[in-house]
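Each chain is listed here by its residues.
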Amino acid sequence: MGKEIKRYFDVYAAWNYEKEEEALNKKSKEGWQLVKGGCFYSTFRKDTTVYRYKIDFNTKMIRGSIEKERYIEMFAEQGWEFINTTFNGWSYFRKHYKEDLAEGEYEIYTDQESYFEMLNRWIKIGKAMQLFLIILTIAYGIGMIISGYMLWSIVIAIYIGLIAGLRYGVKQMESKCS
Amino acid sequence: MIKKSEPLTESYFYILLCLYSGPNHGYGIMQDTLRLSNERVKIGSGTMYGATSNMIKKGWIVEDKESNEALDRKRLYKLTNIGKEVLDREIERLKELLISVENIKAEK
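From a predicted model like this one, the values you see are computed outputs, not experimental measurements.

1. A look at the interface of chain A and chain B
With 22 residues of chain A at the interface, the matching set in chain B holds 25 residues. Taken together, both faces of the contact between chain A and chain B bury some 1900 Å²; the carbon and sulfur share is 48%. The interface formed by chain A and chain B contains 1 salt bridge. For the salt bridge of A:Glu73 with B:Arg75, the shortest nitrogen-to-oxygen distance reads 3.3 Å. On inspection of chain A and its partner chain B, the count reaches 19 residue pairs in polar contact (both at pLDDT 80 or more). Elements that contribute at least two residues to the side of chain A that touches chain B include exactly α2 (66–76) and α3 (112–147) of chain A. Among the elements that line the side of chain A that touches chain B, the one with the most residues is α2(A), at 8 residues. Class assignment for the residues of the side of chain A that touches chain B results in 8 nonpolar, 4 polar and 10 charged.

Given below as structure tokens:
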């Protein structure tokens with residue numbers, strides 16, 4: 001990997017996605033442009049062109065489809081270049097930064113309703129995952145009691161940790177909806 | 001309880017209104033909305049995509065497949081009869097609101 005390409009291993013929680021956008025904008029000013037965004041690491045290329053970045057959540061865009069083409073086109077029409085979609089539904093876009101453009105030109109959600117709609121896409125999944133993990137925890141709990149495999153308490157502890165994390169995350173996302 | 005039809009958001013209203021005069025693509029709708037609203041209502045890409053997705057799902061608009069065959073390969077959107085009805089109902093609702101304003105002022 002030469003000096004032209006760099007990898008950053010910054011991890012952002014879903015509810016802090018705006019912080020990632022801010023970091024991408026800052027790196028862009030410093031001469032590093034995102035070429036592939038990811039949940040565990042992101043790849044950057046050296047380039048002095050300054051961009052503004054936006055991250056959108058929509059699990060329908062994980063796989064290519066005609067609908068995804070429509071999605072990408074809708075963004076391209078307003079100057080947003082599609083970069084990539086992560087395995088869990090986060091899409092990265094960038095737009096050339098021009099000093100004379102108003103800040104509003106760099107927003108993709110321009111009314112509350114559509115912004116909340118996007119956040120709710122994540123909240124729904126977060127709540128569904130919570131429920132799934134709760135059911136798993138109960139199942140493992142019963143299984144542990146019946147079988148006596150006390151080591152399953154480790155798995156249960158992990159699940160409880162994940163449930164707590166998701167609960168916190170959902171609350172953070174919901175607080176943005178007000 | 002009778003299901004009350006929800007008021008449209010400004011974005012939705014302007015999208016339907018812009019399509020009233022004929023098919024248009026997303027960028028055209030955004031530009032027309034800016035012009036009509038005196039630069040006040042800006043519809044961003046995420047908002048536009050969400051709105052058009054919902055409207056297609058509800059049958060208010062469709063992709064204008066015939067024009068898509070033309071050289072300009074950008075997608076065009078067209079108002080359906082249902083969409084036109086929704087817009088007409090919304091216009092009636094807005095008129096009613098303004099009439100109420102006049103009535104209250106007259107009562108004073």
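2. A few points about the packing of aromatic side chains
Residues and elements named next belong to chain A. Tallied over the full model, the rule gives 20 aromatic pairs over all chains. Considering the side-chain rings of Phe40 and Phe87, the 6.4 Å spacing of their centres and the 15° angle between planes classify their relative orientation as stacked. Highlighted residues: Phe40 in the loop between β2 (32–36) and β3 (42–46) and Phe87 in the loop between β5 (81–85) and β6 (90–96), separated in sequence by 47 residues. Like Phe87, Phe40 is exposed. Each ring, one from Tyr115 and one from Phe116, has its centre 6.1 Å from the other, and the planes form 45°; the classification is tilted. The exposure class of Tyr115 is partly exposed, given its relative accessible area of 22%. Phe116 gets classed as buried once you look at its relative accessible area, which sits at 19%.

3. Concerning the confidence of the model for chain B
On average, residues of chain B score 92 in pLDDT, and 90% of them are at 70 or above. Complex prediction metrics read pTM 0.92 and ipTM 0.91.

4. A short note on helix α1 (residues 10–20) of chain B
Because an α-helix completes one turn every 3.6 residues, residues spaced three or four positions apart along the sequence face the same direction. With 8 of 11 residues buried, α1(B) lies mostly within the body of the structure. Among all positions in α1(B), only B:Ser11, B:Tyr12, B:Phe13, B:Tyr14, B:Ile15, B:Leu16, B:Cys18 and B:Leu19 are buried. In the core, the buried residues of α1(B) are packed alongside α3 of chain A together with α2 (26–36), α3 (45–58), β1 (61–63), β2 (77–79) and α5 (81–107) of chain B. Looking one or two residues beyond α1(B), the residue adopting positive phi is B:Gly22, at roughly 145°.

5. A closer look at a positive patch on the surface
On the surface, a cluster of positive charge is contributed by A:Lys60, A:Lys124, B:Lys57 and B:Lys58. If you trace the backbone, A:Lys60 turns up in the loop between β4 (51–57) and α2. Judged by relative accessible area, A:Lys60 falls into the exposed class, the value being 64%.

6. As for the sheet that holds β2(A)
Residue and element names in this part refer to chain A. The antiparallel open sheet is built from 3 strands, whose spatial order is β1-β3-β2. Looking at strand neighbours, the two that pair on one side only are β1 (5–8) and β2, the edges of this open sheet. Sheet twist, expressed as the mean angle between neighbouring strand axes with direction ignored, is 40°. Of the pairings in the sheet, the one linking β1 to β3 comprises 4 bridges and is antiparallel in character.

Definitions and limits used
- Residues numbered from 1 in each chain as written.
- Chains lettered and ligands numbered in written order.
- Predicted model: local features only at pLDDT ≥ 70, side-chain atom pairs only at ≥ 80, totals over all residues.
- Heavy atoms only, no water.
- Contact = heavy atoms within 4.5 Å.
- Buried area = accessible area lost by both parts, 1.4 Å probe.
- Salt bridge = Lys/Arg side-chain N within 4 Å of Asp/Glu carboxyl O.
- Polar contact = N/O pair within 3.5 Å; in protein donor to acceptor, adjacent residues only side chain to side chain.
- Helix = DSSP H or I, 4+ residues; strand = E, 2+ residues; numbered from the N terminus.
- Nonpolar A, V, L, I, M, F, W, Y, C, P; charged D, E, K, R; others polar.
- Phe/Tyr/Trp six-rings, centres within 6.5 Å; stacked < 30°, edge-to-face > 60°.
- Buried < 20%, exposed > 50% of the residue type's maximum accessible area, 1.4 Å probe, protein only.
- pLDDT = per-residue confidence, 0-100.
- Patch = residues over 30% accessible without salt bridge, like charges linked within 9 Å, V, L, I, M, F, W, Y side chains within 5 Å.
- Areas by Shrake-Rupley, 256 points an atom, 1.4 Å probe, with all protein chains shown as cover.
- Lys, Arg positive; Asp, Glu negative; His and termini not counted.
- Charge placed at Lys NZ, Arg CZ, Asp CG, Glu CD.
- Pairing = 2+ DSSP bridges.
- Axes fitted to C-alpha atoms, helices over the stretch in contact; angles between N-to-C directions.

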